[in-house]
Amino acid sequence: MTEAGDWAATEWTGCGAIFRDVLGREYIDCLGGYGLLDLGWSHPEVIDSVRAQLSRTPMPSQELIDPLRGVLARLMALITPGDIKYSFFASSGTRPSRARSS
């Protein structure tokens, strides 16, 4: 709900550049999920890739070796300056802090 008491737009489903909210209202997605949906909503190749990964291993462990992460780490080490021997992929889920004025 919004402060005005109206229903806020809550993304529900979409295809290409159009998404619908929970009430069925249509919107043109000009944000693209901040880069997450750069190919649009429900792009067939993305859906196929996600399904293929889910059928292989839906939730890989962070403790065991994931061959795809190993390949990515090696490729990154090859193009990065220095002699990188170890890498660790993480997602902190944080945002940049905002400067506060006093």
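Our structure's up above, just so we're on the same page.
This is a predicted model, so every value here is computed, not measured.

Caption draft 1: Molecular detail of the side chain of aspartate 29. Tracing the backbone shows aspartate 29 in the loop between β3 (26–28) and α1 (44–56). Arginine 20 provides the closest opposite charge to the buried, salt-bridge-free aspartate 29, at an N-O distance of 11 Å. At 2.7 Å, the side chain of aspartate 29 forms a polar contact with the side chain of tryptophan 41. For aspartate 29, the contacting residues outside a window of four places in its chain are Ala17, Phe19, Leu37 and Trp41.

Caption draft 2: Spotlight on the packing of aromatic side chains. What the rule picks out here adds up to 2 aromatic pairs. Between the aromatic rings of phenylalanine 19 and tyrosine 27, the centroid separation amounts to 5.1 Å while the plane-to-plane angle is 15 degrees, which identifies the pairing as stacked. Judged by its relative accessible area of 26%, tyrosine 27 is partly exposed. Pairing phenylalanine 19 with tryptophan 41 gives two aromatic rings, centres 5.4 Å apart and planes at 20 degrees, and the pair type is stacked. Residue phenylalanine 19 is located in strand β2 (residues 18–21), and its partner tryptophan 41 is located in the loop between β3 and α1; the two are separated by 22 residues in the primary sequence. Each member of the pair, phenylalanine 19 together with tryptophan 41, is buried.

What counts as what
Residues numbered from 1 in each chain as written. Predicted model: local features only at pLDDT ≥ 70, side-chain atom pairs only at ≥ 80, totals over all residues. Heavy atoms only, no water. Helix = DSSP H or I, 4+ residues; strand = E, 2+ residues; numbered from the N terminus. Buried < 20%, exposed > 50% of the residue type's maximum accessible area, 1.4 Å probe, protein only. Lys, Arg positive; Asp, Glu negative; His and termini not counted. Salt bridge = Lys/Arg side-chain N within 4 Å of Asp/Glu carboxyl O. Polar contact = N/O pair within 3.5 Å; in protein donor to acceptor, adjacent residues only side chain to side chain. Contact = heavy atoms within 4.5 Å. Phe/Tyr/Trp six-rings, centres within 6.5 Å; stacked < 30°, edge-to-face > 60°.

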